[in-house]
Amino acid sequence: MLAAVPPPVTVRVPSKINLHLSVGDVRDDGYHELTTVFQALSLTDEVTALAGGDSGVEVSGEGARSVPKNEDNLAVRAVRALAEHVGRPERAERVRLVIRKGIPVAGGMAGGSADAAGALLACSILWGLDLHRDELAEVAATLGSDVPFALYGGTALGTGRGEQLVPVLSRHTFHWVLAFDQRGLSTPKVYGELDRLREAGDPPRVGAPEALLEALASGDPHRLAPLLGNDLQAAAISLRPGLRRTLRAGVTAGALAGVVSGSGPTCAFLCSDADSALKVAAELAGAGVCRTVRVAHGPVPGARVHEE
Ligand SMILES: C[C@@](CO)(OP(=O)(O)O)[C@H](O)COP(=O)(O)OP(=O)(O)OC[C@H]1O[C@@H](n2ccc(N)nc2=O)[C@H](O)[C@@H]1O
Ligand SMILES: Nc1ncnc2c1ncn2[C@@H]1O[C@H](COP(=O)(O)OP(=O)(O)O)[C@@H](O)[C@H]1O
């Protein structure tokens with residue numbers, strides 16, 4: 001008798017922004033030591049895992065054309081890594097992934113990492129593995145520094161290369177406007193540019209995150225706004241000088257503050273409330289400084305099953 005094919009599993013996964021990103025020294029393995037505060041946002045991707053047919057990946061939505069459709073796709077690598085982790089590598093050959101992207105590609109919002117986290121959770125359910133999230137996070141960390149956070153979501157302090165996470169108390173919901181740029185930026189290039197800037201001079205550093213953590217606990221966006229900071233921002237601006245104008249335009253439009261998200265080029269603007277975010281988004285969209293504008297809120301949970 002043939003085994004029944006399990007029904008497809010769809011997982012929704014959040015994007016992230018870095019409210020605080022302090023970049024330390026380069027380690028022996030080539031990664032930089034980080035202290036970062038991640039927040040998961042309501043801008044999401046969806047990953048569906050289907051069994052019983054041909055393997056492969058289909059991608060639609062935001063930036064789909066520049067997402068690899070082969071083994072370079074981080075979600076495809078995640079399927080293989082999980083199959084190997086449970087000692088059943090052949091299982092990866094019978095999974096098809098369908099990815100619907102809302103997160104900009106190479107935008108500093110960890111879209112590829114989100115898809116990898118989504119594929120891990122979806123396959124864990126599809127294969128009836130019932131793995132604890134912490135075990136999935138171990139596999140996630142082998143795929144990329146930002147993948148574990150996409151599994152947990154919320155607000156978290158990340159150390160090491162960003163994969164060691166501790167949840168952070170964040171009261172209330174914060175409202176954000178996101179400005180997508182015309183093209184993405186390569187994460188290794190942005191870290192490389194920061195190394196170059198630091199060799200040539202002494203770009204400002206954001207320091208320790210304690211005050212920001214207190215502001216998050218207070219839930220007051222006015223307290224949080226002046227504390228947003230990102231050591232990679234100078235490097236992203238050096239590679240993409242137009243971001244300076246985008247950051248100014250968001251504040252002129254009424255945002256409390258703006259910051260480049262991670263390695264950029266997406267800029268995240270903190271607003272005082274949901275109405276203000278809509279107004280800022282409308283004005284920013286008309287300012288001609290970016291490709292697309294979105295509103296989002298956070299924190300939201302990490303990867304979770306999406307029932308149709
Ligand atoms: C900058 C951040 C901030 O959250 O995210 P993005 O803005 O790209 O989404 C992360 O550090 C990116 O994490 P992720 O995109 O998972 O990076 P990985 O695949 O692990 O590494 C890609 C490359 O980035 C550089 N890298 C990454 C993390 C780190 N702590 N130090 C590094 O130097 C290395 O050159 C590495 O080869
Ligand atoms: N599922 C995926 N979605 C998006 N990009 C992916 C994916 N898999 C691999 N990539 C590659 O990863 C690179 C970084 O993409 P992404 O994770 O969206 O950005 P960032 O690292 O800036 O947050 C892309 O340029 C793309 O080539």
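Residues numbered from 1 in each chain as written. Chains lettered and ligands numbered in written order. Predicted model: local features only at pLDDT ≥ 70, side-chain atom pairs only at ≥ 80, totals over all residues. Heavy atoms only, no water.

Engineer: Which parts of the structure should I look at to understand the packing of helix α2 (residues 111-126) against helix α3 (residues 133-143)?
Structural biologist: In helix packing, the relevant descriptors are the interaxial angle and the interaxial distance, both defined with respect to the helix axes. The N-to-C vectors of α2 and α3 enclose an angle of 140 degrees; their axes lie 10 Å apart at closest approach. If you check the angle between α2 and α3, you find them oblique. You can see that α2 and α3 cross each other, and the crossing is right-handed. Packed against α2, whose contacting residues are Ala116, Leu120, Leu121 and Ser124, the element α3 presents Arg133, Leu136, Val139, Ala140 and Leu143 at the interface. Of the residues in the contact of α2 with α3, the class split is seven nonpolar, one polar and one charged. (Axes fitted to C-alpha atoms, helices over the stretch in contact; angles between N-to-C directions. Helix = DSSP H or I, 4+ residues; strand = E, 2+ residues; numbered from the N terminus. Parallel < 35°, antiparallel > 145°, perpendicular 65-115°, else oblique. Left-handed = near helix turned anticlockwise from the far one by under 90°. Contact = heavy atoms within 4.5 Å. Nonpolar A, V, L, I, M, F, W, Y, C, P; charged D, E, K, R; others polar.)

Engineer: Even after reading the chapter, I still don't get the site of ligand 2, so can you show me in this structure?
Structural biologist: As a structural note, the neighbourhood of ligand 2 is formed by 18 residues, with Ala106, Gly108, Ala110, Gly112 and Asp115 the closest of them. Protein chains shield 77% of the accessible area of ligand 2, which is 540 Å² for the free molecule. No other element matches α2, which puts three residues into the shell around ligand 2. Of the residues in the shell around ligand 2, the class split is eight nonpolar, seven polar and three charged. (Near = heavy atom within 4 Å. Areas by Shrake-Rupley, 256 points an atom, 1.4 Å probe, with all protein chains shown as cover.)

Engineer: What's the story with the pairing of strand β1 (residues 9-26) in this structure? I'm lost.
Structural biologist: Counting buried residues in β1 gives 14 out of 18 residues, a clear majority hidden from the surface. Bridge count for β1 against strand β2 (residues 32-51) is 15 bridges, and the pairing is antiparallel. Counted as the bridge partner of serine 15 is leucine 41 from β2. Connecting β1 to the antiparallel partner β2 that follows it, the hairpin turn spans five residues, and glycine 30 within it adopts a positive phi of roughly 90 degrees. Across two bridges, the pairing between β1 and strand β12 (residues 304-305) is antiparallel. (Buried < 20%, exposed > 50% of the residue type's maximum accessible area, 1.4 Å probe, protein only. Pairing = 2+ DSSP bridges.)

Engineer: Can you walk me through the site of ligand 1 in this structure?
Structural biologist: In the neighbourhood of ligand 1, 20 residues make up the surrounding shell, with His32, Ser145, Thr187, Tyr191 and Ser263 lying closest. Within the side chain of lysine 16, a nitrogen or oxygen atom sits 3.3 Å from an oxygen atom of ligand 1. Here an oxygen atom of ligand 1 sits 2.6 Å away from a polar atom, N or O, in the side chain of tyrosine 191. Contact with the protein chains covers 83% of the free accessible surface of ligand 1, which is 690 Å². Contributions of two or more residues to the shell around ligand 1 are made by β1, β2 and α5 (187-200). Here the shell around ligand 1 is composed, by residue class, of seven nonpolar, ten polar and three charged. Shared between two domains, the shell around ligand 1 takes at least three residues from each, and those domains are domain 1 (9-168) and domain 2 (174-298). (Polar contact = N/O pair within 3.5 Å; in protein donor to acceptor, adjacent residues only side chain to side chain. Domains from an automatic or database assignment.)

Engineer: Please explain α2 as it appears in this structure.
Structural biologist: Given 3.6 residues to a turn, an α-helix orients residues that are three or four positions apart in the same direction. Over its 16 residues, α2 extends 22 Å from the first C-alpha to the last, a length consistent with the 22 Å expected when each residue adds 1.5 Å. In terms of burial, α2 is a largely internal element, 14 of the 16 residues being buried. Looking one or two places after α2, you find glycine 128, whose phi comes out positive at around 65 degrees. (Expected span 1.5 Å × (residues − 1).)

Engineer: Looking at this structure, how should I read the side chain of asparagine 73?
Structural biologist: Tracing the chain through its elements places asparagine 73 in the loop between β3 (56-61) and α1 (74-85). Judged by its relative accessible area of 3%, asparagine 73 falls in the buried class. The contact partners of asparagine 73, leaving out residues within four places of it in the chain, are Val57, Val59, Val67, Pro68 and Ile99.

Engineer: For this particular structure, what's the right way to read the domain arrangement of the chain?
Structural biologist: Accessible area lost during the coming together of the parts is what is often quoted as the interface size. When the domains of the chain are assigned, the result is domain 1 (9-168) and domain 2 (174-298). One C-alpha centre belongs to domain 1, the other to domain 2, and the line joining them spans 23 Å. Here domain 1 meets domain 2 over a buried area of about 2,400 Å², counting both sides, of which 60% is carbon and sulfur. On the surface where domain 1 and domain 2 come into contact, there are two salt bridges. A salt bridge links glutamate 62 to arginine 294, with the shortest nitrogen-to-oxygen separation between them at 3.8 Å. (Buried area = accessible area lost by both parts, 1.4 Å probe. Salt bridge = Lys/Arg side-chain N within 4 Å of Asp/Glu carboxyl O.)

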